[in-house]
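Descriptive analysis of the structure
One-letter residues, chain by chain:
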Amino acid sequence: KSWNDRLASTIRANHGEAAGKVLEKKYNNAFSPSYSEANLPSAALVDIEKLERLDEKRTLDMLFYRPQEEGPDSQAVKLKLFHRNEPIHLSAVLPMLENFGLRVIDESPFRIQCSEGEVNWIMDFSMLHNNGEKMDMEKAQILFQNAFAKVWHNLLEDDPFNRLVLGAGLTGRNVTILRAYAKYMRQTGSSFSISYMANTLANYPNIAKLLIELFSQ
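Residues numbered from 1 in each chain as written. Predicted model: local features only at pLDDT ≥ 70, side-chain atom pairs only at ≥ 80, totals over all residues. Heavy atoms only, no water.

This part takes up the overall build of the chain. Each helix and strand in the chain was counted, giving ten helices and four strands. For the chain, the succession of helices and strands along the chain, N to C, is α-α-α-α-β-β-α-β-β-α-α-α-α-α. Based on the C-alpha atoms only, the size of the chain along its principal axes is roughly 65 × 35 × 30 Å. For the chain, with 217 residues in total, the buried portion stands at 42%. The long-range fraction of contacts in the chain, counting pairs at least 24 apart against all pairs at least 6 apart in sequence, stands at 63%. Accessible area of the chain: about 11900 Å², with a carbon and sulfur share of 50%. Of the side chains in the chain, 25 bear a positive and 27 a negative charge, and the two mean positions are spaced by 4 Å. (Helix = DSSP H or I, 4+ residues; strand = E, 2+ residues; numbered from the N terminus. Buried < 20%, exposed > 50% of the residue type's maximum accessible area, 1.4 Å probe, protein only. Contact = heavy atoms within 4.5 Å. Areas by Shrake-Rupley, 256 points an atom, 1.4 Å probe, with all protein chains shown as cover. Lys, Arg positive; Asp, Glu negative; His and termini not counted. Charge placed at Lys NZ, Arg CZ, Asp CG, Glu CD.)

Turning next to the packing of aromatic side chains. Counting across every chain of the model gives twelve aromatic pairs. With centroids separated by 6.4 Å and ring planes inclined at 15°, the aromatic side chains of phenylalanine 148 and tryptophan 152 adopt a geometry described as stacked. In this pair, phenylalanine 148 and tryptophan 152 are both assigned in helix α6 (residues 137-152), four residues apart and thus about one turn of the helix distant. Residue classification places phenylalanine 148 among the buried residues on the basis of a relative accessible area of 0%. Taking the relative accessible area as the measure of exposure, tryptophan 152 reaches 23% and is therefore partly exposed. Linked through ring pairs, Trp3, Tyr27, Phe31, Tyr35 and Phe110 together constitute an aromatic cluster. (Phe/Tyr/Trp six-rings, centres within 6.5 Å; stacked < 30°, edge-to-face > 60°.)

Spatially, four strands are ordered β1-β2-β4-β3 in an open sheet, and the strand pairing comes out antiparallel. Edge positions in the sheet fall to β1 (60-65) and β3 (102-113), since each has one partner strand and no second. Geometrically, the sheet is characterised by an average inter-axis angle of 15° between neighbouring strands, direction not taken into account. One ladder, built from eleven bridges, connects β3 with strand β4 (residues 119-129); its direction is antiparallel. Its bridge partner lying in β4, valine 104 is registered against methionine 127. On top of the sheet, helix α5 (residues 90-99) reaches β2 (76-84), β3 and β4; it is set at about 140° to β3, its chief contact. Sheet strands in contact with α6 are β1, β2 and β3, and its direction is about 150° off that of β1. (Pairing = 2+ DSSP bridges. Axes fitted to C-alpha atoms, helices over the stretch in contact; angles between N-to-C directions.)

Further remarks concern the pattern of salt bridges. Summed over the entire model, instances satisfying the criterion amount to eleven salt bridges. In this structure, glutamate 118 and lysine 26 form a salt bridge, with 4.0 Å as the shortest nitrogen-oxygen distance. Of this pair, glutamate 118 sits in the loop between β3 and β4 while lysine 26 sits in helix α2 (residues 17-26); the two residues are 92 residues apart in sequence, bridging distant segments of the chain. Assessed through its relative accessible area of 11%, lysine 26 is described here as buried. Ionic contacts of the salt-bridge type, sharing partners, join the residues Lys50, Arg53, Arg58 and Asp61 into one network. (Salt bridge = Lys/Arg side-chain N within 4 Å of Asp/Glu carboxyl O.)

If you want it as structure tokens, here you go:
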């Protein structure tokens, strides 16, 4: 069987005959040879489910995860960004990922053209995180995806404080609290720069967590 044949079988097995036929027709030959070489049909099924969530209002979706072939002690993580109509430029997203403490080592864009003419894009990033072996990936996935979406939509500032999301396991809101502390210290005459304070908290994540606990009391 060809890759597309195996994808069709996977779609029907997971979505049933009726719904499966609709998706099978829509995504028949939608994936490029470069995509099929890099992804199993089971991975394509997950990507299709993400692509199906995109519309005119929701133009971005994502999946942050650790590859199955990597062990729990690995620093390797991956991110897939699903974007409607047009690709995301690497220059737009790379600084954001670096501010989350992620080092991009590979990036592959895939154009997905459905039979109906609809075009979407998948940006596949392979990355390293120096705190990867300490991450609870299930928790990290939720924290990162929520925080990244807020940064993307300008609801959360894009700066090195965001390293605390993965490094200290903090929510975007809690990172905002520590960012506000740093800015207040600058206003009251502290000689430490904002970047210095962000780097210090990233290097001592337990202190960052204790500050949030103290704030919550």
